[in-house]
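As a plain string of letters, each chain reads:
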Amino acid sequence: MQLNYIANASVRSSSGKTLPVIDPSDGQPFDEIQRSNAQDIDQAVQAAHDCLNTVWHKVTAAERGRLLMALSRKIAEHADELAAIEQRDCGKPTKQAKADAAALVRYFEFYAGACDKLHGETLPYLDGYSVMTWREPHGVTGHIIPWNYPMQIFGRSVGGALAAGNVCVVKPAEDACLSLIRVAQLAAEVGFPAGAINIVTGYGHEVGDALARHRGIHHISFTGSPTVGTLIQQVAAERHCPVTLELGGKSPQIVFSDADLEQAIPALVNAIVQNAGQTCSAGSRLLIDQQIYEPLLERLGQAFEKLRVGPATLDLDVGPLIRQTQQQRVWDFLSDAQVAGIPMVAQGQIVDEAPDTGFYQAPTLLRDVPVKHRLAQEEVFGPVLCAMSFRDEDHAVELANATQFGLVAGIWTRDGGRQFRMAKRVQSGQVFINNYGAGGGVELPFGGVKSSGYGREKGFEALYGFTTLKTVAIRHG
Ligand code: NAD
């Protein structure tokens, strides 16, 4: 049984209740986590405050950097163990689970190096004055994390917050907690003081809500759905608590007729099947120049038919979805497509070894999806790619911007002028030209516009969000 991790100790929830941990590859329970409550959040927030006030505020930036680097190295030593934990918990193919562990190593490495490079400025002012700005941590930061990339999102969010001098209370998703509990234990082993990183598991509407409402939390980093993002914002607004929202997406991949298709095709496929399409920055809408619509769809169809789906440990192209309700959600979208007469170009194959009780979905390529249909507007969060054609640049921009989201965009063209014009006109937080990083790159600021959220995590930019600026004016004559 897994326990909460508070003040460097494993503790049971005061509720005395637990939740089962389900393996998505076979749908069977294999462990339990604590179903925590507001009292557990109180305990974690108190531990974080004690840490901040007694120890952490005296730790120098350089020493914080050493601690983060020690954790990065420790995670690297335990990368296979962590990848195996995440694999079973989330149903990730081995390649993906290992890539996520490697990203976690890199996040702590990056933020280790950043700790002592964050500084304020001196400002010109009146004669006889000196004015400076200090970048100060918020204090105790709350981190609400989704199930699709627990290690990566913990790395970018908690790594940045600690680097900036905060201490953290973390609420992982109820479907995927195990790796983060282990990382917190490793942090204690390398010397993080008790209360610097606290993990409290349970349901979002219980323990997540309690965390977001807690007056001892000074900043909230939320990654998850737009619906819950709205709730977090409302709750945080009551006490004017700053929030970073990393929400969903319906990211367009825009392919012009002069694109290098050899390069584009594998990237277009990967952008929607990576993590079984359960990626906020999945390239889920495919906008194709009408001149190459038919030939590109034909080639993509061939690629989709080769995709194999199965249990995580078989390490195929695609693993299971996280849970049965997610599988049902994807089925509902696909049955809506059928009702609307949206043609299917191709589907991958679920292998015979996949147990019937697992949560599998074959990657599916749909064409001629009407721009206003919910398949072209809403996040499916599964391996479903929706293609449509465009006439010219203006039409491509119109389609690209025709959703409530704006997280990532991919642009495929050899025309340099068009690359810049498109990058400027597409509404999104990141633009990839002739590549698709799916939010990748520890160094690259990441976040959305419109309903994809606001604030930036990743890169050095994140540190500005995890700090507040104090202006100090001295009159010295
Ligand atoms: P979700 O919003 O249901 O849950 C996210 C987290 O919020 C979980 O830890 C959950 O327990 C918690 N939560 C749920 N209800 C809550 C409440 N009332 N108060 C406080 N916390 C609550 O999202 P999900 O289904 O876990 O993840 C999928 C969504 O996350 C998708 O929309 C996806 O695009 C988005 N996402 C975004 C990014 C990004 O960086 N932009 C990254 C990953 C996932």
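Positions within a chain are numbered from 1, following the residues in the order the chain's sequence is written. Only residues with pLDDT of at least 70 are given local features in this predicted model, and only at 80 or more are side-chain atom pairs given and counted; all residues enter the totals for whole chains, interfaces and linings. Only heavy atoms go into the side-chain values, all of them from the structure, while hydrogens and water stay out.

A. Examining the overall build of the chain more closely. A run of H or I in DSSP counts as a helix once it spans at least four residues, and a run of E counts as a strand once it spans at least two, with each numbered from the N terminus. Scanning the chain for helices and strands turns up 15 helices and 22 strands. This radius of gyration counts C-alpha atoms alone. The globule rule is 2.2 Å times how many residues there are, raised to the power 0.38. On C-alpha atoms alone, the chain measures out to a radius of gyration of 23 Å, which is about the 23 Å that the 2.2 N^0.38 rule sets for 477 residues. Dimensions of the chain, computed from the C-alpha atoms along their principal axes, are close to 70 × 60 × 40 Å. The buried label goes to any residue with under 20% of its type's maximum accessible area, the exposed label to any with over 50%, and the partly exposed label to all in between, with areas taken from a 1.4 Å probe on protein chains only. Among the 477 residues that make up the chain, the fraction classed as buried is 57%. By definition, residues are in contact when any of their heavy atoms lie within 4.5 Å. Look at the contacts in the chain between residues 6 or more apart in sequence, and 75% of them connect residues 24 or more apart. A gap of 5 Å separates the mean positions of the 42 positive and 51 negative side-chain charges of the chain. Here the positive residues are Lys and Arg and the negative ones are Asp and Glu; neither His nor the chain ends is included. We put the charge of a Lys on NZ, of an Arg on CZ, of an Asp on CG and of a Glu on CD.

B. Spotlight on the site of the ligand. Contacts to the ligand come from 31 residues, most closely from Arg-156, Glu-174, Ser-225, Leu-247 and Glu-379. Gly-224 has a polar backbone atom sitting 3.2 Å from an oxygen atom of the ligand. Polar contacts, as used here, are pairs of N or O atoms within 3.5 Å; protein pairs need one atom able to donate a hydrogen and one able to accept it. Residues neighboring in sequence count only if both atoms are side-chain atoms. Between Ser-225 and the ligand, the recorded distance is 2.6 Å, taken from a side-chain N or O atom to an oxygen atom. Here, Shrake-Rupley sampling with a 1.4 Å probe gives the accessible areas, and only protein chains in the shown set may cover a residue. In isolation the ligand has 840 Å² of accessible area, and contact with the protein removes 90% of it. Mapped onto the shell around the ligand, the elements with two or more residues apiece are α5 (150-163), α7 (204-213), β10 (219-223) and α8 (226-237). The split of the chain into domains comes from an automatic or database domain assignment. When residues of the shell around the ligand are assigned to domains, at least three map to each of domain 1 (4-247 + 454-474) and domain 2 (252-442). Definition of nearness: a residue and a molecule or strand are near each other if at least one heavy atom of the residue lies within 4 Å of the molecule or strand.

C. Examining empty space enclosed by the protein more closely. A pocket, in this scheme, is an open set of points on a 1 Å grid over the protein atoms alone with protein on both sides within 12 Å along at least 5 of 7 lines, while a cavity is a set where a 1.4 Å probe fits but cannot get out; residues line either one if an atom lies within 4 Å of a point. Grid points are joined across faces, edges and corners, and a volume is the space filled by probe spheres set on the points. Under the definition given, this model contains 3 cavities of 30 Å³ or more. Of the voids in this model, the largest cavity is the one considered here, and its volume is about 70 Å³. Considering the residues around the largest cavity, the lining is formed by 13 residues, among which Gly-277, Ala-282, Ser-284, Val-380 and Phe-381 are closest to the centre. The nonpolar class holds Ala, Val, Leu, Ile, Met, Phe, Trp, Tyr, Cys and Pro. Asp, Glu, Lys and Arg form the charged class, and all remaining residues, Gly among them, are polar. Tallied by class, the residues present in the lining of the largest cavity amount to 6 nonpolar, 5 polar and 2 charged. Empty space within the second largest cavity amounts to approximately 60 Å³. Along the wall of the second largest cavity there are 14 residues; nearest its centre are Pro-252, Arg-285, Ala-400, Phe-405 and Gly-406. Across the lining of the second largest cavity, the residue classes tally to 7 nonpolar, 5 polar and 2 charged.

D. Up close: the sheet that holds strand β15 (residues 344-347). With mixed pairing, 7 strands are arranged side by side in an open sheet as β15-β17-β18-β13-β12-β19-β20. Across the chains shown, the open sheet's two edge strands, defined by having one partner strand only, are β15 and β20 (430-433). Shown here is a sheet whose adjacent strand axes are inclined to one another by a mean of 20°, direction ignored. Only when DSSP finds a minimum of two bridges between them are two strands counted as paired. Sheet topology note: the strand β12 (residues 252-255)/strand β13 (residues 285-289) ladder contains 4 bridges and is parallel. Residue pairing across strands places Pro-252 opposite Arg-285, the latter belonging to β13. Each axis is a line fitted through C-alpha atoms, taken for helices only over the stretch in contact, and angles between the N-to-C directions span 0 to 180 degrees. Contacting β12, β13, β18 (384-390) and β19 (408-412), helix α9 (residues 261-273) crosses the sheet at an angle of about 165° to β12. Running over the sheet, helix α14 (residues 416-425) touches β12, β19 and β20 and is turned about 160° from β20.

E. Quick peek at the side chain of Lys-171. Among the secondary structure elements, Lys-171 is positioned in strand β8 (residues 167-171). When its relative accessible area of 2% is taken as the criterion, Lys-171 is described as buried. Of the polar contacts made by the side chain of Lys-171, one reaches the side chain of Glu-174; its length is 3.3 Å. Setting aside residues up to four positions removed in sequence, Lys-171 forms contacts with His-143, Ile-144, Ile-145, Val-200, Gly-202, Tyr-203, Gly-204, Val-207, Gly-208 and Leu-211.

F. Spatial organisation of the nonpolar core. Counting residues in each nonpolar core, the largest one holds 82 residues, and the members touching the most others are Phe-154, Val-169 and Phe-192. In terms of residues, this core owes the most to one element, helix α4 (residues 94-114), which gives 11 residues. Not counting residues up to four positions away in its chain, the partners in contact with Phe-192 are Asn-8, Trp-56, Leu-67, Leu-68, Leu-71, Leu-162, Ala-187 and Ile-197. Among the nonpolar cores identified, the runner-up in size contains 65 residues, and Phe-256, Leu-365, Leu-407 and Val-408 belong to it. Here the nonpolar core consists of buried residues drawn from Ala, Val, Leu, Ile, Met, Phe, Trp, Tyr and Cys, with membership extended through side-chain atoms lying within 4.5 Å.

G. The domain arrangement of the chain, seen in detail. Assigned domains within the chain: domain 1 (4-247 + 454-474) and domain 2 (252-442). We define buried area as the total accessible area lost by two parts upon association, computed with a 1.4 Å probe and summed across both. Here domain 1 meets domain 2 over a buried area of about 2,300 Å², counting both sides, of which 54% is carbon and sulfur. Among the residues domain 1 hides against domain 2, the three largest losses belong to Pro-24, Ser-25 and Trp-147. Together they make up 25% of the total. Each reported salt bridge corresponds to a side-chain nitrogen of Lys or Arg within 4 Å of a carboxyl oxygen of Asp or Glu. At the junction of domain 1 with domain 2, the criterion picks out 2 salt bridges. Arg-323 is the partner of Asp-175 in a salt bridge, and the nearest nitrogen-oxygen pair spans 2.3 Å. The interface formed by domain 1 and domain 2 includes 14 residue pairs in polar contact (both at pLDDT 80 or more). Elements supplying a minimum of two residues to the side of domain 1 that touches domain 2: α3 (79-90) and α4. Tallying contributions element by element places α4 first for the side of domain 1 that touches domain 2, with 7 residues. Classifying every residue of the side of domain 1 that touches domain 2 gives 11 nonpolar, 9 polar and 8 charged.

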